[in-house]
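One letter stands for each residue in the lines below.
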Amino acid sequence: MTERWVYHLTQEEIPTHWYNLVADLPTPPPPPLNPATGQPFDDPTPLMRIFPEALVMQEVSTERWIEIPEPVRQIYALWRPTPLFRARRLEQALDTPAHIYFKFEGVSPAGSHKPNTAVPQAYYNKQQGIRRLATETGAGQWGSALAMACQLFGLECTVYMVRVSYEQKPFRKILMNTWGATVYPSPSEQTEYGRQILAQDPDCPGSLGIAISEALEDTLTHEDTRYALGSVLNHVLLHQTVIGQEAIKQMEMAGEEPDILVGCTGGGSNFAGLVFPFLRKKITEGKPYRIIAVEPASCPSLTKGEYRYDFGDTAGKTPLLKMHTLGHEFMPPRIHAGGLRYHGMAPLVSHALELGLIEARAYHQTQVFEAGVLFARTMGIVPAPEPTHAIKAVIDLALECRERGEKKVILFNLCGHGLLDLTAYDQYLSGALQD
Ligand SMILES: *Cc1c(COP(=O)(O)O)cnc(C)c1O
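Basis of the calculations
- Residues numbered from 1 in each chain as written.
- Predicted model: local features only at pLDDT ≥ 70, side-chain atom pairs only at ≥ 80, totals over all residues.
- Heavy atoms only, no water.
- Pairing = 2+ DSSP bridges.
- Helix = DSSP H or I, 4+ residues; strand = E, 2+ residues; numbered from the N terminus.
- Axes fitted to C-alpha atoms, helices over the stretch in contact; angles between N-to-C directions.
- Contact = heavy atoms within 4.5 Å.
- Near = heavy atom within 4 Å.
- Polar contact = N/O pair within 3.5 Å; in protein donor to acceptor, adjacent residues only side chain to side chain.
- Phe/Tyr/Trp six-rings, centres within 6.5 Å; stacked < 30°, edge-to-face > 60°.
- Buried < 20%, exposed > 50% of the residue type's maximum accessible area, 1.4 Å probe, protein only.
- Core = buried A, V, L, I, M, F, W, Y, C linked by side-chain atoms within 4.5 Å.

(A) Broad picture of the sheet that holds strand S14 (residues 359-363). The sheet built from seven strands is open, its strands ordered S1-S4-S5-S15-S10-S11-S14 with mixed pairing. Sheet topology places strand S1 (6-7) and S14 at the edges, where each strand pairs with a single neighbour. Of the strand pairs in this sheet, strand S10 (residues 260-264) and strand S15 (residues 409-414) are connected by three bridges, and their pairing is parallel. Across the sheet, the residue bridging to Ile260 is Ile410, located in S15.

So this is what it looks like as structure tokens:
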């Protein structure tokens with residue numbers, strides 16, 4: 001064996017701190033606004049009815065490094081550090097001089113990067129004496145990650161799952177039930193807002209925005225309950241930075257420095273998790289990284305959305321966030337990359353785009369599945385539908401390198417495996433998938 005294909009770190013090398021990009025940005029991101037007053041919150045106390053205090057403090061923190069509690073690092077060790085691979089067989093198939101690396105987050109028990117934040121979120125709630133967490137989930141990646149984390153820390157977990165997914169994709173619901181969570185199809189009969197929507201449209205397929213509204217209402221009507229969000233917010237992006245910190249060490253082991261970093265973006269958390277630690281080096285050391293966010297052409301918040309204040313949910317109950325948005329009433333089409341069907345984008349990712357620190361592009365779903373199948377046929381791993389967007393961009397970049405004879409180093413985040421998304425592959429392979 002002469003060619004190195006994979007770079008592993010030891011358990012001791014799991015990062016000890018999360019990295020907060022806010023500390024290094026040339027200008028601070030616009031603050032969230034109180035929807036009642038249209039002004040910034042003078043004090044974050046009202047948010048503590050929704051999230052535990054420790055997470056609210058992280059949300060508004062400007063500290064560069066935030067220590068990861070030991071019990072959280074211990075649970076991270078169930079699957080972290082995650083491997084970094086060199087995709088040599090993909091390079092060969094593309095006949096490109098580019099070197100392609102990927103960080104693989106699909107090795108977590110839930111099969112994606114989401115447990116990186118689910119675990120600390122459950123931990124801080126438990127520390128504060130909270131009994132139950134309520135949340136929403138689209139295709140079920142976030143719900144299953146939180147169900148596992150709640151189970152590991154002895155919390156109850158209630159999940160509002162977008163109805164189409166609940167009906168068409170039962171496997172992640174079964175996974176959530178296995179980890180002890182209660183799952184309702186959303187819109188549900190459990191909340192006032194859900195009942196209101198069902199009265200108007202009994203067949204409503206649901207959306208992430210509606211499910212967020214239901215989980216929030218559940219939280220606000222139960223004193224012992226807090227809410228958990230799997231993307232978008234600063235503290236969620238913060239927790240994901242273990243990915244990029246590990247990747248920096250692993251790229252050093254490989255003896256290479258990436259020229260281009262790529263990630264898919266739904267709410268922005270797996271992308272931020274990989275790229276924010278590299279952005280630190282771009283800002284503070286002048287590293288010339290090109291950083292690309294890739295989104296679906298059917299839900300193009302970064303490439304087509306307006307940069308303005310908007311709500312995070314459909315009912316308009318959340319604080320107003322300054323972000324690239326398609327409007328909080330936008331009903332995303334039912335594409336297979338369920339994790340990318342969200343109307344807005346993380347304020348920190350939006351701000352980085354405005355500052356010109358990153359760029360964005362969009363692809364259609366048939367193009368990305370073609371890329372996903374090529375990846376599966378060369379590297380073995382079947383990617384989740386979301387990261388096939390990143391893979392499509394990587395393939396295009398590698399082909400450009402071939403045309404120009406450039407030996408660029410490309411690093412992307414393979415944020416989840418697709419073994420629970422095989423019906424989507426079935427549709428693609430049978431020619432039934434449409435843009
Ligand atoms: C949830 C999810 C996404 C989208 O969320 P981000 O916050 O943008 O990362 C992407 N990929 C996978 C595998 C997911 O589970």
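After that view of the structure, there is still more to cover.
(B) Local environment of the sheet that holds strand S6 (residues 132-137). As summarised here, the arrangement of the four strands in space is S8-S7-S6-S9, forming an open sheet in which the pairing is parallel. For this open sheet the edge positions go to strand S8 (182-186) and strand S9 (225-227), each flanked by a neighbour on one side alone. Here the average twist between neighbouring strands, direction ignored, is 25°. Examined bridge by bridge, S6 and strand S7 (residues 156-162) share six bridges and lie parallel to one another. Counterpart to Thr135 in the pairing with S7 is Val159. Against the sheet, helix H5 (residues 141-153) makes contact with S6 and S7, and its axis sits at roughly 165° relative to S6, the strand it touches most.

(C) Seen up close, the site of the ligand. Lining the immediate environment of the ligand, one finds 16 residues, of which Lys114, Ser231, Gly266, Ser269 and Asn270 sit closest. Interatomic distance of 3.0 Å between a backbone N/O atom of Gly267 and an oxygen atom of the ligand. Within the side chain of Asn270, one N or O atom sits 2.8 Å away from an oxygen atom of the ligand.

(D) Up close: the environment of Ile50. Considering the arrangement of structural elements, one finds Ile50 in the loop between strand S2 (17-19) and helix H1 (53-59). Residues Ile50 and Tyr123, spaced 73 residues apart in sequence, show a C-alpha to C-alpha distance of 15 Å. If we ignore the near neighbours within four places in the chain, the residues touching Ile50 are Leu216, Thr219, Leu220, Arg226 and Tyr227.

(E) View of the packing of aromatic side chains. Counting across every chain of the model gives 15 aromatic pairs. A centroid spacing of 5.1 Å and a plane angle of 15° characterise the contact between Phe85 and Phe102, whose relative ring orientation is stacked. Placement of Phe85 in strand S4 (residues 84-86) and of Phe102 in strand S5 (residues 99-104) is noted, with a sequence separation of 17 residues between them. According to the relative accessible area criterion, Phe102 is buried, its value standing at 0%. With a centroid separation of 5.2 Å and 75° between ring planes, the pair formed by Phe102 and Phe375 is classed as edge-to-face. Taken together, the positions of Phe102 in strand S5 and Phe375 in helix H15 (residues 365-379) put the pair 273 residues apart, joining distant regions of the chain. The buried category is assigned to Phe375, whose relative accessible area is 0%. Feature note: the residues Phe85, Phe102, Phe104, Phe375 and Phe412 constitute an aromatic cluster, connected by ring pairs.

(F) Spotlight on the environment of Glu105. On the secondary structure map, Glu105 appears in the loop between S5 and helix H4 (115-127). A sequence separation of 26 residues divides Glu105 from Trp79, and the C-alpha atoms of the two residues are 9.0 Å apart. Every residue in contact with Glu105, bar those within four places of it in the chain, is listed here: Arg80, Thr82, Gly111, Ser112, His113, Asn116, Ile243, Asn413, Leu414 and Cys415. For Glu105, the side chain forms a polar contact with the side chain of Arg80, separated by 2.8 Å. A distance of 3.1 Å separates polar atoms of two side chains, one belonging to Glu105 and the other to Asn116.

(G) Molecular detail of the nonpolar core. Of all hydrophobic cores here, the largest spans 71 residues; its most connected members are Trp18, Phe276, Val349, Ile358 and Leu411. The element that contributes the greatest number of residues to this core is H5, accounting for eight residues.

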